[in-house]
Each structure stands twice: as structure tokens, then as C-alpha cells.
Amino acid sequence: MPANDKTRNAPWSGRFGEPATELVQRFTASVGFDRRLAEFDVEASVAHARMLHAVGVIAKGDLAAIEKGLAQILSEIRAGSFPWSEAHEDVHFNIERRLTELVGEPGKRLHTARSRNDQVATDVRLYLRAAIDQALALIKSVQRALLELADAHAETVMPGYTHLQVAQPVSFGHHLLAYFEMLARDAQRLADCRKRLNRLPLGAAALAGTSFQIDRLMVAKELGFDGVCENSIDAVSDRDFAIEFCAGAALVMMHLSRFCEELILWTNPRFGFVELADRFCTGSSIMPQKKNPDVAELIRGKTGRVNGHVVALLTLMKAQPLAYNRDNQEDKEPLFDAVDTLTLSLAVFAEMLPGIKVNREEMEAAARQGHATATDLAEYLVRKGVPFREAHEAVAQAVRYAESRGCQLAELKVSELQRFSPAIGKDALAVLTLEGSLQSRTHLGGTAPVRVKAAIAKARKSLA
Ligand code: ARG
């Protein structure tokens, strides 16, 4: 991109005695990254021009010329032949300049009753609205993949963990559904952010609006906004929506990172719960035997990047006086990168899930360690009339005994168990099994396979 001709030709150059230096041009230019907004800039300009004509500010012929020019610009942008130039600062000036080059005077009328301040705010909202729609679709595809896997493993037993120590047996399907819930909340958050951002800033002009009797509702309708930003000063200075989006994206990434961390642990032979498909792993340049879970690690790592963007945007906006300040140009790179990182991570994650091979035997064997059904025995005693605190104590003693014998609680004989509580009968053995433990948890939100199946059915409906 040439930065050759000086800013002598900038639309604002009339006020200045000399052009900006080459360094200042390079420093202030944003077209290198904000050209990503180009299609939205054209879309908003078309709507603005139509409105200007509708309220009698520009003639029919001017509108026709502007529409024709912008249509050509759009196809140039799509074809990759648009002549972007850093000398023209940003996406808005590049497009306006090209329009005037193509259609002459009507192009010079387009910027009536608007400023780049309300223009950029509009473009970013249009861009982010589309990005959110894409992210929502990707979240759904991850959720669908989770449901498929959960359905196949409603009856697969795994050790549920707290403190990363074996806690109680759970259905692997149930464990997967926990992530479904996280993503359901994430989707709600992004949809909520979309609702709030879907308002039109255009018409605020620089900050104080315009002396023309513009029809903002017409432009809002044409661009699919639910309404207008009610205050012109707020319209050009608000970047809440970008921060909200990044915060929502950071939560999604945090959730993915938790799952990725588990995959990384589970693929370690010490766990051996799952195997990732080869196509989602990479090898080592020196150690021939290695198969590393790099995709999961990268998602985990990229989470930090999105967290950083939230902080960057909050810091950008902190203490900014009203209304628009050029600082705001710095909102784009963090926002764009958050969008890219989120959508790419979701896409690769959705692809990786179906390739997970689950080793049921290993999972179940791990659940047999760590006295995972001790709580079931305590609850059994409660049903026999023992107060829970006493039951807890009795089972704790039995666990100590099992530990001293080097065996599992579930491996003790009834006669041995009875030493710790006379309330223990033969039927206690059934509650100590993994199946018994799982199947007893049939309440709403529980891990019993029948309940997990019901939860999957409900989840499927929520996606439809
Ligand atoms: N490139 C600028 C941005 O991204 C557009 C708005 C510039 N407005 C101005 N008055 N300098 O924020």
C-alpha cells in the first residue's frame, strides 16, 4: 500500500498550511486493518444516501450515481481489486475518494449530514452483529457435537473430581453436558450483547447531530437495526458493545480452555481416558514417539489473548472524555482479533470433538479407585436412621480401614463393614457399586443415565 502522495489531498487538508509528515501519516492511518469494515461501510453509505434523497437533501440523479458507484466499489472490494491506499488514512476516506473518482460530484455530496465518527461507530456495530451471528452458529455446532458424544456415553462411568481428586462416580455424558450448559449461557450472553448493540449511531454526525431534517429511523430500518442510539454524544463515543463482546468471548474461551485442559490430562497415559484423532495432534521434531494435543493446548493459550483484549478495551475507554476521541481507532485490532480467535477456536473445537475416542474401561477402572462410593454408603446409613454426621464418621473409619488393608471400600466384606456401624446390612454392597451409585441419582440435574438421556433430549430441543 503506497503512502506516497502527501495528505495534501486529505478531505480535511484545507485547514492546514502543510501536509502531515510521512511518519504522521503512517502513524494515524488505520486502513491497514479497518478495511475489514469495507463492505459494512458501503452498506451504511447506501442507506445514508437513500435517506438523504428521501428527505430532499440530494437529488434523484445524485443518489443514482452514488448507488452505482458504491455497487462498483463493492465488487472491487470483493474481487480484491480495490485500490487501497494508506495515504487516504482509513476505510472511510478510501471509499469516499474512490466514489468521487468514479462518479464525480455526486460522490462529494455523500458525506452531507454525517461524520466519520458516527460512520465508524455504525460500521463496527454492523461488523460485530455479523460476527456474533457467526459465533452463535459455531457455538451451536459445538453444542451439537457435545450432545452426540454425551448420547453415546450416558452410561459410561467416570470418576467425577473435586480438587482433581476422585470424588464420586458420574456419567461421562453428564460431564459433557456440563459444557453444554456453559455454552448455552455463553450463547445467551452474546445474543444479549447483540440486542444492545443493534442500534444506529448514524445521524449523530461528529457529536451534535446535524441541521438537516434527517430520518434516522429510515436508516435504522434499512440497516436492520432495532432502533437508534438516543443521544448523539453517546452514539459516537460508546464502545460498550465491543467490551461486552470481548468479555462474552473471553468467557467462551475460558470454557473451551477448561475442556481442553481436561483433554490434555485425559490423553496422558496416567489417565488414558481418551484418545484424540491423529489429525488434531502434532508430533515432535526430535522425539519420534510423541503425539501432542497441540490443538487443545493452543485453544487454552489463545484464551489468554482474548482476556488481554478485554483489558485493552477497558483501558482504552477508561477516563476518555466525551465525545469521540481518536483513541477509539485503537478499538479495532483487539476486537477483530477477539472475533478471529473466538470463531477459529470454536470451529476447530467443533471439528475435534467427534474425533475423540473414549476408553470406557480406563475411565471405569479409575472410578473404582479412591473409594468413590463412600458417600453412597453414608447416605445408605442415613436411610437406616443414622444421623448424617455419624454416618459420615463411620464410613470415614471404614475408608481408613480399607486404606490400611490396601483395598477399596467397595471390596470390604459386609462383616468388616459392620464393625463401623451395626446399621449396615447385606444390601449395603449394592450401593457401593458404581452402577448403583450412578443409577440412584435420578433427580433433576442428576447423573443417572436415564436422567442424562432426558437432559440430552431437552438440550436437543433447545437447539432446534
Ligand atoms: N479511523 C477513525 C476511527 O477508527 C475514524 C473516525 C475518525 N474521526 C476523526 N474525526 N478523526 O476511529
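Everything below is about the structure shown above.
Rules and cut-offs
Residues numbered from 1 in each chain as written. Predicted model: local features only at pLDDT ≥ 70, side-chain atom pairs only at ≥ 80, totals over all residues. Heavy atoms only, no water. Helix = DSSP H or I, 4+ residues; strand = E, 2+ residues; numbered from the N terminus. Contact = heavy atoms within 4.5 Å. Near = heavy atom within 4 Å. Polar contact = N/O pair within 3.5 Å; in protein donor to acceptor, adjacent residues only side chain to side chain. Areas by Shrake-Rupley, 256 points an atom, 1.4 Å probe, with all protein chains shown as cover. Nonpolar A, V, L, I, M, F, W, Y, C, P; charged D, E, K, R; others polar. Core = buried A, V, L, I, M, F, W, Y, C linked by side-chain atoms within 4.5 Å. Buried < 20%, exposed > 50% of the residue type's maximum accessible area, 1.4 Å probe, protein only. Expected span 1.5 Å × (residues − 1). Arc of directions from axis to C-beta. Salt bridge = Lys/Arg side-chain N within 4 Å of Asp/Glu carboxyl O. Phe/Tyr/Trp six-rings, centres within 6.5 Å; stacked < 30°, edge-to-face > 60°. Axes fitted to C-alpha atoms, helices over the stretch in contact; angles between N-to-C directions. Parallel < 35°, antiparallel > 145°, perpendicular 65-115°, else oblique. Left-handed = near helix turned anticlockwise from the far one by under 90°.

Regarding the environment of Ala235
Piece 1. Within the element layout of this structure, Ala235 appears in helix α10 (residues 232–237).
Piece 2. Taking C-alpha positions, Ala235 is 7.5 Å from Ala121, a pair spaced 114 residues apart along the chain.
Piece 3. Those residues in contact with Ala235 that sit more than four places away from it in its chain are Ala121, Pro201, Ala204 and Cys229.

Observations concerning the site of the ligand
Piece 1. In the region of the ligand, the neighbouring residues are Ser30, Asp34, Asp90, His92, Arg116, Asn117, Val120, Tyr324, Arg326, Gln329 and Lys332.
Piece 2. The contact in question runs from a nitrogen atom of the ligand to an N or O atom on the side chain of Ser30, over 3.4 Å.
Piece 3. Between the ligand and Gln329, the relevant distance is 2.8 Å, taken from a nitrogen atom to a side-chain nitrogen or oxygen of the residue.
Piece 4. Expressed as a share of its isolated accessible area of 340 Å², the protein-covered part of the ligand is 86%.
Piece 5. Per-element accounting of the shell around the ligand gives the leading share, three residues, to helix α7 (residues 116–152).
Piece 6. Residue composition of the shell around the ligand, grouped by class: two nonpolar, four polar and five charged.

With respect to the nonpolar core
Piece 1. Grouped together as the largest cluster of nonpolar side chains are 108 residues, with contacts concentrated most on Ile95, Leu128 and Phe245.
Piece 2. Per-element tally for this core: the top contributor is α7, with 16 residues.
Piece 3. Excluding residues that lie within four positions of it along the chain, Leu128 makes contacts with Leu197, Phe241, Ala242, Phe245, Leu335 and Val339.
Piece 4. In terms of nonpolar packing, the next biggest core, distinct from the first, is built from 22 residues, Leu381, Tyr401, Leu409 and Leu412 among them.

Points about unusual backbone geometry
Piece 1. Of note, the bond from Leu322 into Ala323 is cis; its omega dihedral lies within 30 degrees of zero at 0 degrees.
Piece 2. Topologically, Ala323 is positioned in the loop between α12 (294–317) and α13 (332–352).
Piece 3. Even without glycine at this site, Leu164 takes up a positive phi of about 60 degrees.
Piece 4. Following the sequence through the fold, Leu164 ends up in the loop between β1 (157–162) and β2 (165–171).

Observations concerning helix α16 (residues 388–405)
Because the α-helix completes a turn every 3.6 residues, residues three or four places apart line up on one side.
Piece 1. A rise of 1.5 Å per residue sets the reference length of α16, with its 18 residues, at 26 Å; its end C-alpha atoms lie 26 Å apart and thus fit the reference within 8%.
Piece 2. Buried within α16 we find Ala391, Ala394, Val395, Ala398, Val399, Tyr401 and Ala402. Projection of α16 onto a plane perpendicular to its axis shows the buried side chains occupying an angular sector of 160 degrees, all on one side. Away from its buried face, by an angle of more than 90 degrees, α16 presents the exposed residues Arg389, Glu390, Arg400, Glu403 and Ser404.
Piece 3. On the buried face of α16, the contacting elements are α15 (374–383) and α17 (414–417).

What about the pattern of salt bridges?
Piece 1. Counting across every chain of the model gives 31 salt bridges.
Piece 2. Residues Asp90 and Arg116 are paired through a salt bridge, measuring 2.7 Å at the closest nitrogen-oxygen approach. Taken together, the positions of Asp90 in the loop between α4 (60–79) and α5 (91–103) and Arg116 in helix α7 put the pair 26 residues apart, joining distant regions of the chain.
Piece 3. Here Asp90 falls in the buried class, since its relative accessible area comes to 4%.
Piece 4. Notably, a salt bridge pairs Arg239 with Asp331, separated by 2.8 Å at the nearest N-O pair. Of this pair, Arg239 sits in the loop between α10 and α11 (240–267) while Asp331 sits in the loop between α12 and α13, and the two are 92 residues apart along the sequence. The residues Arg239 and Asp331 share a single accessibility class, namely buried.
Piece 5. Connected via shared salt-bridge partners are Glu76, Arg97, Arg98 and Glu101.

Re the packing of aromatic side chains
Piece 1. According to the stated counting rule, one finds twelve aromatic pairs in the structure shown.
Piece 2. Relative to Phe16, the ring of Trp12 has its centre 5.2 Å away and its plane inclined at 70 degrees; by these criteria the two rings are edge-to-face.
Piece 3. By relative accessible area, which is 30% here, Trp12 ends up partly exposed.
Piece 4. Owing to a relative accessible area of 47%, Phe16 belongs among the partly exposed residues under this scheme.
Piece 5. Consider the rings of Phe259 and Trp266, whose centres lie 6.4 Å apart with planes at 70 degrees: the pair is edge-to-face.
Piece 6. For Phe259, a relative accessible area of 1% translates into the label buried.

A short note on the environment of Arg116
Piece 1. C-alpha of Arg116 to C-alpha of Ala206: the two residues are 90 residues apart in sequence and 7.2 Å apart in space.
Piece 2. If near-sequence neighbours (up to four positions away) are discounted, Arg116 is found in contact with Trp12, Glu89, Asp90, His92, Phe93 and His111.

Brief notes about the packing of helix α8 (residues 172–197) against α11
Piece 1. As a packed pair, α8 and α11 sit with axes 8 Å apart at the nearest point and diverge in direction by 165 degrees. The angle between α8 and α11 places the two elements in the roughly antiparallel class. Here the hand of the crossing between α8 and α11 comes out left-handed. Facing Phe172, His175, Leu176, Tyr179, Met182, Leu183, Asp186, Arg189, Leu190, Cys193, Arg196 and Leu197 of α8, the residues of α11 in contact are Phe241, Glu244, Phe245, Gly248, Ala249, Leu251, Val252, His255, Arg258, Phe259, Glu262 and Trp266.
Piece 2. Its residues assigned to classes, the contact of α8 with α11 comprises 15 nonpolar, three polar and six charged.

Quick word on the environment of Glu411
Piece 1. By secondary structure assignment, the location of Glu411 is in the loop between α16 and α17.
Piece 2. On a C-alpha basis, the gap between Glu411 and Cys229 in space is 68 Å, while along the polypeptide they are 182 residues apart.

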